[in-house]
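Commentary on secondary and tertiary structure
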Amino acid sequence: MGCFILCIFLPPFSCTPGVGKTTLGKELASRTGMTYVNVGDMAKEGELYEGFDEEYNCPVLDEDRVVDELEDKMSEGGVIVDYHGCDFFPERWFHIVFVLRTENSFLYDRLESRGYKGKKLQDNIQCEIFQILYEEAMSSYRGEMVHQLTSNTPEDLERNLDQIVRWIEQWMKDNN
Ligand code: DAT
C-alpha cells in the first residue's frame, strides 16, 4: 500500500486556533487506527523553533526541521497531520487535505474562552473571514485534494468524522 495521509489544518498566527482540529484528528485516529500527529506539540517537545514572534506572542516554527523530523513517519503512511498552516509540507506526503471552517461567532467564543484577546483574537477572526488558510491550501495542493468542512457544532463534528471515515474506507478499497 502506498503512502496514505490526511491533513487537517486551520487559522495561522496562533498556537491553538480552536476550530476543532485536535478533537477531530484524535477521534479519527481512534476510529481508524491511523497515527495522529500534532505538529504544534511535536515542535514544542523537540523545540523545533527558529525564533519568537513578539507581535503574536508565539514561537516561530523551524519548518525545515519539522519536515526532516516527519519524513520517515510520513513514508510509512497512515498518518493524520494536524497543523494550522500547510505550504511547507511536501505535496507528495498527502492524499487528501481538510480545511476546517468555523463561523466567526462560534470561533470568537472559543478563542476568547482560551484567553485570546486584542490583536491576536482579531487577527485569527480576520483570517477566517478572508479564508486565508483555504487559499493557502488551494495554492499548495492540487485543487481536488482540498476539502472544506464546517465545524460549528458537535453535530458537524460527528458528520465530518463519518464522512472522512467513509472516504478512508473507499480509499482502502481502491488502493489495495
Ligand atoms: P484546535 O485543535 O483547532 O485548536 P480543538 O479541537 O482543541 O481545536 O477544539 C477547540 C474547542 O472547541 C474544544 O473545547 C472542543 C471544541 N470543539 C471542537 N470541535 C467542535 C465542534 N465541531 N463543535 C463544537 N465545539 C467543538
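In the block above lies the structure referred to throughout.
What comes next concerns the included structure. Here the structure is a predicted model, which is why all the values come from computation and not from measurement. (Residues numbered from 1 in each chain as written. Predicted model: local features only at pLDDT ≥ 70, side-chain atom pairs only at ≥ 80, totals over all residues. Heavy atoms only, no water.)

**Some remarks on the side chain of Asn-38**
Summarising the element assignment, Asn-38 is placed in strand S2 (residues 35–38). Polar side-chain contacts of Asn-38 include one of 3.0 Å to the side chain of Tyr-36. Within polar-contact distance, the side chain of Asn-38 engages the backbone nitrogen of Asp-41 at 3.0 Å. Apart from the residues lying within four places of it in its own chain, the contact partners of Asn-38 are Thr-22 and Asp-82. (Helix = DSSP H or I, 4+ residues; strand = E, 2+ residues; numbered from the N terminus. Polar contact = N/O pair within 3.5 Å; in protein donor to acceptor, adjacent residues only side chain to side chain. Contact = heavy atoms within 4.5 Å.)

**Observations concerning the pairing of strand S4 (residues 58–61)**
Note that strand S3 (residues 49–53) and S4 share 4 bridges and pair antiparallel. Looking at the pairing, Gly-51 lines up with Val-60 of S4. Remark: 4 residues form the turn of the hairpin made by S3 and S4, two consecutive strands paired antiparallel; Asn-57 in that turn has positive phi of roughly 55 degrees. (Pairing = 2+ DSSP bridges.)

**Quick look at the packing of helix H2 (residues 39–46) against helix H3 (residues 63–76)**
The geometry of H2 relative to H3 is characterised by a closest axis approach of 11 Å and an angle of 100 degrees between their N-to-C directions. Regarding the angle of H2 to H3, the classification is roughly perpendicular. Counted together, Val-39, Met-42 and Gly-46 of H2 and Arg-65, Val-66, Glu-69 and Leu-70 of H3 form the full contact between these two elements. Residues that form the contact of H2 with H3 fall into these classes: 4 nonpolar, 1 polar and 2 charged. (Axes fitted to C-alpha atoms, helices over the stretch in contact; angles between N-to-C directions. Parallel < 35°, antiparallel > 145°, perpendicular 65-115°, else oblique. Nonpolar A, V, L, I, M, F, W, Y, C, P; charged D, E, K, R; others polar.)

**Topic: the site of the ligand**
Lining the immediate environment of the ligand, one finds 15 residues, of which Gly-18, Thr-22, Thr-23, Arg-114 and Thr-153 sit closest. Taking Arg-110, its side chain carries an N or O atom lying 3.4 Å from a nitrogen atom of the ligand. Here a nitrogen atom of the ligand sits 3.3 Å away from a polar atom, N or O, in the main chain of Asn-152. Protein chains shield 75% of the accessible area of the ligand, which is 550 Å² for the free molecule. Considering every element that reaches the shell around the ligand, the biggest residue donor is helix H1 (residues 21–32), with 3 residues. Classifying every residue of the shell around the ligand gives 4 nonpolar, 8 polar and 3 charged. (Near = heavy atom within 4 Å. Areas by Shrake-Rupley, 256 points an atom, 1.4 Å probe, with all protein chains shown as cover.)

**A few points about the packing of H1 against helix H7 (residues 154–175)**
In the contact formed by H1 and H7, the axes pass within 10 Å of each other and the chain directions differ by 45 degrees. Between H1 and H7, the interaxial angle falls into the category oblique. Two packed elements cross with a definite hand, and for H1 against H7 that hand is right-handed. Packed against H1, whose contacting residues are Thr-23, Leu-24, Glu-27, Leu-28, Arg-31 and Thr-32, the element H7 presents Leu-157, Glu-158, Asn-160, Leu-161, Asp-162, Ile-164, Val-165 and Ile-168 at the interface. Of the residues assigned to the contact of H1 with H7, the class counts are 7 nonpolar, 3 polar and 4 charged. (Left-handed = near helix turned anticlockwise from the far one by under 90°.)

**A word on the environment of Thr-150**
Structurally, Thr-150 can be placed in strand S7 (residues 146–150). Sequence separation of Thr-150 and Thr-102 is 48 residues, and the distance between their C-alpha atoms is 6.1 Å. Once you skip the residues sitting within four places of it in the chain, Thr-150 turns out to touch Arg-101, Asp-156, Arg-159 and Asn-160.

**Brief notes about the side chain of Ser-151**
Counting through the fold element by element, Ser-151 comes out in the loop between S7 and H7. Those residues in contact with Ser-151 that lie beyond four places of it in its chain are Val-19, Gly-20, Leu-100, Arg-101, Thr-102, Arg-110, Asp-156 and Asn-160.

**What about the pattern of salt bridges?**
Throughout the structure, instances matching the rule amount to 10 salt bridges. Its salt-bridge partner being Arg-31, residue Glu-158 comes within 3.0 Å of it at the nearest N-O pair. A residue pair is termed long-range when its members are at least 10 positions apart, and Glu-158 in helix H7 and Arg-31 in helix H1 qualify at 127 residues. In the salt-bridge network here, residues are joined through shared partners; they are Glu-27, Arg-31, Glu-158 and Asp-162. (Salt bridge = Lys/Arg side-chain N within 4 Å of Asp/Glu carboxyl O.)

Nothing here speaks to function; it is all geometry.
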